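One letter stands for each residue in the lines below.
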Amino acid sequence: MPKEGQTDGGKLTKDFTTSPLHRFKKKGSKNYSNIYPPSATLHLSNIPPTISEEEIKEAFNNHGTVKNFKFFPKDRKMALIEMESPEDAVVALIAMHNYQLGDSSHLRVSFSKSTI
């Protein structure tokens, strides 16, 4: 992130407001109803069954400190991961959303309303 008072020259941020890549664009879609403000807890989905908790924590530790991790009890394709701070969570979300975990699986990351 740019330091306070400095601009990033358009390199770190991009406005997706009018882009077809905007995943929260359509009102009424399930993504539109799952928009939450930044928090230290991230919701992960599209996790392949071959990926372990340790592999996920290791990948996220490259972008901040992981405090806690928990797979959903009924669905190992989803999990919650708690970072040290909301700032760490923002950095991790930017780096890890759409991260390739398997041959054809890309991780989906969003802020969570739940905590661990």
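Scroll up a little and you will see the structure.
Since this is a predicted model, take the numbers as computed values, not measurements. (Residues numbered from 1 in each chain as written. Predicted model: local features only at pLDDT ≥ 70, side-chain atom pairs only at ≥ 80, totals over all residues. Heavy atoms only, no water.)

Turning next to the packing of aromatic side chains. All chains considered together, the criterion is met by one aromatic pair. A ring pair is formed by Phe69 and Phe71, whose centres lie 5.0 Å apart and whose planes are at 90°; its orientation type is edge-to-face. This pair shows no difference in class: Phe69 is buried, exactly as Phe71 is. Arg76 extends its terminal NZ or CZ atom over the ring of Phe71, reaching a point 3.9 Å from the ring centre. (Phe/Tyr/Trp six-rings, centres within 6.5 Å; stacked < 30°, edge-to-face > 60°. Buried < 20%, exposed > 50% of the residue type's maximum accessible area, 1.4 Å probe, protein only. Lys NZ or Arg CZ within 6 Å of the ring centre and 35° of its normal.)

Turning our attention to the sheet that holds strand 3 (residues 79–83). Here we have four strands laid out as an open sheet, ordered 2-3-1-4, and antiparallel in their pairing. One side of each edge strand has no neighbouring strand; the edge strands of this open sheet are strand 2 (66–71) and strand 4 (108–111). Each strand of the sheet is rotated relative to its neighbour by a mean of 20°, with strand direction disregarded. Here four bridges tie strand 1 (residues 41–45) to strand 4, and the two strands are oriented antiparallel to one another. Among the inter-strand pairings, Leu42 is bridged to a residue of strand 4, identified as Phe111. (Pairing = 2+ DSSP bridges. Helix = DSSP H or I, 4+ residues; strand = E, 2+ residues; numbered from the N terminus. Axes fitted to C-alpha atoms, helices over the stretch in contact; angles between N-to-C directions.)

Function-wise, these values are silent; they only describe arrangement.
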